[in-house]
Amino acid sequence: MPVVNLRSDTQTRPTEAMRRAMAAAEVGDEQAFLDPTVAALCERVADLLGQEAAVFLPSGTMCNHIGLRLHVRPGGDEVILHRSAHPIMAEAGSPAALTGAMVYPLDSDDGTFTADQVRGALRQVGNRYQPVSRLVHVEQTTNLTGGRVWPLERLDAVLDAAAEAGLRSHLDGARLLNAVVASGVPAATRWTTTSTGWPTTMRGRRCSPTGSPSCRASRSTRSWWTPTSWCSASTTRPRSPTPCARTTSGSARWTTPRCAR
Ligand SMILES: Cc1ncc(COP(=O)(O)O)c(C=O)c1O
């Protein structure tokens, strides 16, 4: 029996049908919003998440970063998130490097956290010595703590606590659709009423080999484009990791060259 490895999109391979669908897809000028395939995908995903609009981005990391960038103002605003969350563990310090954000890591065994933990992390409003609490970031399912699904009531309470304190919220839905299947709770519930959020269309489901539509609870997508252009610029400049040497074990060693100015 053929084994299907669903562990990560880095390990799955497109099927023949997917390759054919890609080759035959109707395409157009995506920058001018004239690519019918991308437009249909964005609309479908915005509907799925109960959000107003979506923008297609090439990776989940970019969705997280652009979400962060939209909410956090330069100069030390703080993001409250779990210690094991992807921006802390796997985005090369980009909250600090690209946005100047402080992170406030919360602890728990399963990667979720409580409304009380959020309240306990809030900075004192008007205290000029402290950063400004700005964003709560949640990961559904939690990744590095074993793929736990956030219970709806817990997430509800966390989002309420954030909203009561005037904070925005962001959903990293790299495995949101796994949570939908595991729990039977539809995607467009309070789970996805965050200010921004994204599900991946590639991870685990062998659905598409690239891209994650990033959704927003606002029709206006204008403010998305500035950080999106910055991210595109930084990936086309020599900033992205380049394999530079093989280690003795044969695995590639990666370095990030200095950005040429
Ligand atoms: C929880 C989580 N968020 C974000 C990402 C980043 O997604 P991408 O690999 O598309 O950049 C991953 C990748 O595995 C992830 O597990």
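Each chain has its residues counted from 1, following the order in which its sequence is written. Local features in a predicted model are, by the rule used here, given only for residues with pLDDT of at least 70; side-chain atom pairs are given and counted only at 80 or more, and totals for whole chains, interfaces and linings are based on all residues.

### Describing the overall build of the protein chain
Stated precisely, the cut-off is as follows: Strands here are runs of E lasting at least two residues and helices are runs of H or I lasting at least four, both read from the DSSP assignment and numbered beginning at the N terminus. Each residue is classified by how many other C-beta atoms fall within 10 Å of its C-beta atom, where C-beta atoms are placed from the backbone; a count of 20 or more means buried, 12 or fewer means exposed, and values in between mean partly exposed. Two residues qualify as a contact pair if the distance between their C-beta atoms, derived from the backbone, is within 7 Å.
When you go through the protein chain residue by residue, the secondary structure sums to nine helices and nine strands. Counting over 261 residues, the protein chain shows a buried share of 36%. Long-range contacts, defined as pairs at least 24 residues apart, comprise 67% of the intrachain contacts of the protein chain with a sequence gap of at least 6.

### Describing the site of the ligand
Our working rule: Defining nearness, a residue is near a molecule or strand when the C-beta atom obtained from its backbone falls within 6 Å of it. For this classification, Asp, Glu, Lys and Arg are treated as charged, while Ala, Val, Leu, Ile, Met, Phe, Trp, Tyr, Cys and Pro are nonpolar and the rest, including Gly, are polar.
By nearness alone, ten residues border the ligand, and S59, G60, T61, H86 and A174 come closest of all. For the shell around the ligand, the element with the highest residue contribution is helix α3 (residues 60–71), accounting for three residues. A breakdown of the residues in the shell around the ligand according to their chemical character gives one nonpolar, seven polar and two charged.

### Notes on helix α8 (residues 176–183)
When we look at burial in α8, the residues that qualify are L176, L177, N178, A179 and V180. Packed against the buried residues of α8 are β5 (168–173) and β6 (196–199). Downstream of α8 by a residue or two, G184 has a phi angle that is positive, lying close to 80°.

### Some remarks on the pairing of strand β2 (residues 78–82)
Rule in force here: Here, strands pair whenever DSSP counts at least two bridges between them.
Of all five residues in β2, five are buried; the element is thus mostly enclosed. Here β2 runs beside strand β3 (residues 102–106); their pairing, made up of five bridges, is parallel. Within the sheet, the bridge partner assigned to V79 lies in β3 and is V103. Pairing geometry for β2 and strand β4 (residues 133–139), over three bridges, is parallel.

### Digging into the nonpolar core
In plain terms, the rule: Here, a nonpolar core means buried Ala, Val, Leu, Ile, Met, Phe, Trp, Tyr and Cys residues linked by C-beta atoms lying within 7 Å of one another.
C42, V79, V118, V136, V158 and A162 are the most contacted members of the largest nonpolar core, which totals 44 residues. If we ignore the near neighbours within four places in the chain, the residues touching A162 are V118, V136, L167 and S169.

### Some thoughts on unusual backbone geometry
Cis geometry marks the peptide bond from Q140 to T141; its omega dihedral reads -10°. Locating T141 in the fold gives a position in the loop between β4 and α7 (152–164). Despite not being glycine, F33 shows a phi value in the positive range, around 60°. Following the sequence through the fold, F33 ends up in the loop between α1 (16–24) and α2 (36–49).

### Concerning the environment of L171
By secondary structure assignment, the location of L171 is in strand β5. Once the C-alpha coordinates of L171 and W198 are considered, the two residues, 27 residues apart in sequence, prove to be 6.5 Å apart. When sequence neighbours within four positions are dropped, the list of residues in contact with L171 reads V138, Q140, T192, T194 and G197.

### Digging into the confidence of the model for the protein chain
Worth spelling out the cut-off: Scored from 0 to 100, pLDDT reflects the predictor's confidence in each residue.
Looking at the protein chain, pLDDT values average 81 and 77% of them are 70 or higher. Taken together, the stretch residues 204–209 has pLDDT below 50 and engages in 13 contacts with residues farther than four places along the chain or on a different chain. In the model, residues 235–261 has pLDDT below 50 throughout and makes 21 contacts with residues more than four positions away in sequence or in other chains.

### Concerning the environment of A46
Within the element layout of this structure, A46 appears in helix α2. A tally of 21 C-beta atoms within 10 Å means that A46 is categorised as buried.

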